[in-house]
Amino acid sequence: MNNFFDGEGEENCLVCNEKSCAAAVLSDNQLNTLNNNSRETDIRKGETILKAGALTSHIVYLKTGFVKEHVEGPGQKSKILQIIKKQSYLGLPSLFGARINHYSYTALQDLKVCFIDINVFLEFIKDRGSFAFEVLSYVSRESLNKDFHLINQGHKRMYGRFADVLLYLSEEIFGTTAFDLLLTRQELAELAGMSRENTARALSHFREEGILNINGKNIEILKMDLLKRISKNG
DNA sequence: CCATTAATTTAGT
DNA sequence: ACTAAATTAATGG
């Protein structure tokens, strides 16, 4: 209980075995600085980690688990921009811009994150080229990838869009042809940019065609070649 | 602590 | 929009 007031935990950045590519290039000295200016926390499924519109005081490192990056549209409407895998940073798109977060990040399962003081993060970027290089390459890769998906979504019809989302989840997020959706049907719709009804329709259509095997939240892609063809033809 | 029921959320049409 | 099913919270022993 000695740690209750000063918040000192057992975690230490120097011996962290879930380090980011960027943190891996830091010196022991810098890792110490990181350790003194960051804090690991458990986040529960459904909790919002960063909220769009709030002040950016921290950059968040996703140590384990999956997170959705989303924006709240007008009314109940929400748009999921991407799913983020472990060992990446949340909030980087807002690192330089204004003082506010542009996107919200919500946990799709129980997971661990580290809150890092944004000023310390910025110091590392200024002081260490290789750290900045890792961060920059991550940010630009993400940005291009997001654009790519949004552009595709813009000029494809329902089944093409939905095929895209399935391929995205399978190839880029989970890396397998069978996976447990961490998303509800509603969220799947928000990711695909279609209505909940059309999402359900597309799911059952693909199942009838023998392209998918659906068992609750578990989805297995049976005919990958056909799915790719549908994606390609829009 | 476990079991039952009530309430909220999710899925499918 | 509506109904059924499932998941989560509350209650009582």
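Residues numbered from 1 in each chain as written. Chains lettered and ligands numbered in written order. Predicted model: local features only at pLDDT ≥ 70, side-chain atom pairs only at ≥ 80, totals over all residues. Heavy atoms only, no water.

Quick word on the pairing of strand S4 (residues 67–72)
So, step 1. For S4 and strand S5 (residues 78–84), the ladder comprises six bridges, and the chain directions are antiparallel. Counted as the bridge partner of Val-71 is Lys-79 from S5.
So, step 2. Hairpin connection from S4 to S5: five residues lie between these consecutive antiparallel strands, with Gly-75 at a positive phi of about 70°.
So, step 3. Where S4 and strand S7 (residues 104–107) come together, four bridges link them in antiparallel fashion. Across the sheet, the residue bridging to Glu-69 is Tyr-105, located in S7. (Pairing = 2+ DSSP bridges. Helix = DSSP H or I, 4+ residues; strand = E, 2+ residues; numbered from the N terminus.)

A look at the sheet that holds strand S10 (residues 212–215)
So, step 1. Pairing is antiparallel in the open sheet, where three strands are placed in the order S9-S11-S10. Where the open sheet ends on each side, the last strands, each with one partner, are strand S9 (178–180) and S10. Put simply, the sheet's adjacent strands are angled 15° from each other on average, direction ignored.
So, step 2. Across four bridges, S10 lies against strand S11 (residues 218–221) in antiparallel orientation. What sits directly across from Ile-214, in S11, is Ile-219. (Axes fitted to C-alpha atoms, helices over the stretch in contact; angles between N-to-C directions.)

Some thoughts on the environment of Ile-230
So, step 1. Mapped onto the elements of the fold, Ile-230 is located in helix H8 (residues 224–233).
So, step 2. On a C-alpha basis, the gap between Ile-230 and Asp-164 in space is 8.6 Å, while along the polypeptide they are 66 residues apart.
So, step 3. Those residues within four positions of Ile-230 in sequence are excluded, and the remaining contacts are Tyr-159, Gly-160, Ala-163, Phe-206 and Ile-211. (Contact = heavy atoms within 4.5 Å.)

With respect to the protein's contact with DNA strand B
So, step 1. Contacts to DNA strand B come from Thr-184, Arg-185, Gln-186, Arg-196, Glu-197, Ala-200 and Lys-217.
So, step 2. Near the protein, within 4 Å, the atoms of DNA strand B are sugar or phosphate in 62% of cases.
So, step 3. One of the backbone nitrogen or oxygen atoms of Arg-185 is found 2.7 Å away from a phosphate oxygen of DNA strand B.
So, step 4. Those elements that place two or more of their residues in the surface near DNA strand B are helix H6 (185–192) and helix H7 (196–208).
So, step 5. Of the residues contributing to the surface near DNA strand B, the split by class is one nonpolar, two polar and four charged. (Near = heavy atom within 4 Å. Polar contact = N/O pair within 3.5 Å; in protein donor to acceptor, adjacent residues only side chain to side chain. Nonpolar A, V, L, I, M, F, W, Y, C, P; charged D, E, K, R; others polar.)

Here's the deal with the pattern of salt bridges
So, step 1. Using the criterion set out here, one finds seven salt bridges in the structure.
So, step 2. With a shortest N-O distance of 2.9 Å, Lys-146 and Glu-69 are connected by a salt bridge. Of this pair, Lys-146 sits in helix H4 (residues 129–154) while Glu-69 sits in strand S4, and the two are 77 residues apart along the sequence. As far as burial versus exposure is concerned, Lys-146 and Glu-69 are alike and both buried.
So, step 3. In this structure, Glu-123 engages Lys-126 in a salt bridge whose closest nitrogen and oxygen atoms are separated by 3.6 Å. Here Glu-123 and its partner Lys-126 are both found in helix H3 (residues 118–127), three residues apart, which amounts to about one turn of the helix. (Salt bridge = Lys/Arg side-chain N within 4 Å of Asp/Glu carboxyl O. Buried < 20%, exposed > 50% of the residue type's maximum accessible area, 1.4 Å probe, protein only.)

Some thoughts on unusual backbone geometry
So, step 1. Of note in the backbone geometry, Gln-87 takes a positive phi value of approximately 65° without being a glycine.
So, step 2. You can see Gln-87 is positioned in the loop between S5 and strand S6 (88–90).

So, the packing of helix H5 (residues 158–174) against H7
So, step 1. Relative to each other, H5 and H7 sit at 80°, their axes nearing to 10 Å. Taken together, the axes of H5 and H7 lie roughly perpendicular to each other. Along its contact with H5, which presents Met-158, Tyr-159, Phe-162, Ala-163 and Leu-166, the element H7 presents Asn-198, Thr-199, Arg-201, Ala-202, Leu-203, His-205 and Phe-206. (Parallel < 35°, antiparallel > 145°, perpendicular 65-115°, else oblique.)

Regarding the packing of H5 against H6
So, step 1. Axis separation between H5 and H6 bottoms out at 9 Å; the angle between their running directions is 105°. Taken together, the axes of H5 and H6 are roughly perpendicular relative to one another. Across the interface between the two elements, Arg-161, Phe-162, Val-165, Tyr-168 and Leu-169 of H5 pack against Leu-188, Leu-191 and Ala-192 of H6.
So, step 2. Looking at the contact of H5 with H6 residue by residue, the classes come out as seven nonpolar, no polar and one charged.

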